[in-house]
Amino acid sequence: MYDQAQGLREIIKKQTDQTLKQTRIITVTSGKGGVGKSNFSLNFALGLIAAGKKVVVLDVDLGLANIEVLMGVSPKNYLLDLIEQDKTVWDVLEKGPNGLEFISGGTGFSHLLELNEVQLNRFFEKMAALNGYADFVIIDTGAGLTKQSLSFIMAADDVILVTTPEPTSITDAYAVVKLVQASEPNVRFKMVVNRVGSPREGKMAFDKLALVSKKFLNLEIASLGYMHDDSHVSRAVKQQTPFFLAYPSAIASLGIKDLVHSYLEGNSQSIYVPRGVKGFLKRMISHMR
Ligand SMILES: Nc1ncnc2c1ncn2[C@@H]1O[C@H](COP(=O)(O)OP(=O)(O)O)[C@@H](O)[C@H]1O
Ligand SMILES: [Mg+2]
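Scoring rules and cut-offs
- Residues numbered from 1 in each chain as written.
- Chains lettered and ligands numbered in written order.
- Predicted model: local features only at pLDDT ≥ 70, side-chain atom pairs only at ≥ 80, totals over all residues.
- Heavy atoms only, no water.
- Core = buried A, V, L, I, M, F, W, Y, C linked by side-chain atoms within 4.5 Å.
- Buried < 20%, exposed > 50% of the residue type's maximum accessible area, 1.4 Å probe, protein only.
- Contact = heavy atoms within 4.5 Å.
- Pairing = 2+ DSSP bridges.
- Helix = DSSP H or I, 4+ residues; strand = E, 2+ residues; numbered from the N terminus.
- Axes fitted to C-alpha atoms, helices over the stretch in contact; angles between N-to-C directions.
- Salt bridge = Lys/Arg side-chain N within 4 Å of Asp/Glu carboxyl O.
- Expected span 1.5 Å × (residues − 1).

Novice: Explain the nonpolar core here, please?
Specialist: Core analysis: the biggest nonpolar cluster contains 55 residues, and Ile 103, Leu 112, Phe 123, Met 127, Phe 189, Phe 280 and Met 284 have the highest contact counts within it. Once you skip the residues sitting within four places of it in the chain, Phe 280 turns out to touch Ile 25, Thr 27, Ile 139, Phe 152, Ala 155 and Ala 156. Membership of the second largest hydrophobic core comes to 35 residues, among which are Ile 26, Phe 40, Leu 48 and Tyr 263.

Here's what the structure looks like:
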């Protein structure tokens, strides 16, 4: 009898290990600033939550209109507080609306580089508690080609590249793709065209970037879709309430729903296995160094 119970326990443990979900890390970035990354990150996160997913947003955008401001919430703790002995990841996880949780990167992200191996490992282990807790960690990065943004891009499971239809936004996005491709050819870019006037404008913007990426870098960029230019977005920004919650039937919110659907649909058809929180952090640090 004892042997049977033992065997059963082993089978159950094995099954649990196999089904323990790996959190998928999505980095949201763009070539230039002001294209709608933070608004997209926050509302896309809420869209994923509405689709039944558990989402944590990591805010490393040091701009003024960061997601905390967009939600009207001020964090009490910051990511790097984790370096302190007695803090756990649950202490730095702040609550937003509708079950959304977020971690504020705060300033001084580069202090991570000053940690010794023991401190860094402790930081990794604490963050690793998030693995399997969240289905997705969405990282809202600052714009452009900073070393920090690039390391988040290169370490992520998915990279969502936000542009507007403006030619400058598209060429700046291409600059990011080109630079990343040079050192990390396997990065999976998915493009979102924000502030379009029509679906056709969104398609044309995507085609431009996809075409040059294919032609000059031999790289496939996926399209997630587009979001309309919608005055509800700036209205919601002023109200410090995410537009997806304040104006659920606005065209921008319907756009988020489509983007969430297209993203989840793409994942379900892919054989790619996410590499988890700890793997992400290790790759990120190695790219920052
Ligand atoms: N789909 C949209 N329609 C209308 N205005 C938008 C849209 N997306 C963004 N904006 C405007 O652009 C501003 C900047 O957006 P934000 O998300 O802060 O950009 P980023 O994070 O890329 O700097 C917002 O405050 C809003 O006024
Ligand atoms: Mg921003």
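Novice: Looking at this model, I keep getting lost on the sheet that holds strand E6 (residues 158-163). Mind explaining?
Specialist: Pairing between the strands of a sheet comes from backbone hydrogen bonds, and it takes one of two forms, parallel or antiparallel. Spatially, eight strands are ordered E3-E4-E2-E5-E1-E6-E7-E8 in an open sheet, and the strand pairing comes out mixed. Edge positions in the sheet fall to strand E3 (94-95) and strand E8 (222-228), since each of these pairs with one other strand and no more. Together, strand E1 (24-29), strand E5 (136-140), E6 and strand E7 (189-196) form the strand contacts of helix H6 (residues 147-155), whose direction differs from that of E1 by roughly 140°. Of the strands in this sheet, E6 and E7 touch helix H7 (residues 167-183), which is tilted by about 155° from E6.

Novice: Looking at this structure, how should I read the pattern of salt bridges?
Specialist: Close approach of charged atoms lets side chains of opposite charge pair. If you walk through the whole model with that rule in mind, you get 14 salt bridges. Close ionic contact of Arg 24 with Asp 158 constitutes a salt bridge, the shortest N to O distance being 2.7 Å. With a gap of 134 residues between them, Arg 24 in strand E1 and Asp 158 in strand E6 connect regions that are remote in the sequence. The exposure class of Arg 24 is buried, given its relative accessible area of 6%.

Novice: Looking at this model, I keep getting lost on helix H8 (residues 199-217). Mind explaining?
Specialist: Here H8 contains 19 residues, and its C-alpha end-to-end distance of 26 Å stays within 8% of the 27 Å for a straight helix at 1.5 Å per residue. In this structure, the buried side of H8 is in contact with E6, H7, E7 and E8.

Novice: Explanation requested: the environment of Leu 264 in the structure shown.
Specialist: Here Leu 264 shows up in helix H11 (residues 251-268). C-alpha of Leu 264 to C-alpha of Leu 217: the two residues are 47 residues apart in sequence and 27 Å apart in space.

Novice: Honestly, the pairing of strand E4 (residues 101-104) in this entry has me stumped. Any pointers?
Specialist: Consecutive residues of a regular strand have side chains that alternate between opposite faces of the sheet. Along E4, one buried face is formed by Glu 101 and Ile 103 and the opposite face, lined by Phe 102 and Ser 104, is buried too. As paired strands, strand E2 (residues 55-59) and E4 are joined by four bridges and run parallel to one another. Bridging from a neighbouring strand, Leu 58 pairs with Ile 103 of E4. The pairing of E3 with E4 spans two bridges and is antiparallel. In the sheet register, Glu 94 faces E4, and the bridge partner there is Phe 102. Hairpin connection, E3 to E4: the antiparallel pair is bridged by five residues, and Asn 98 has positive phi, about 55°.

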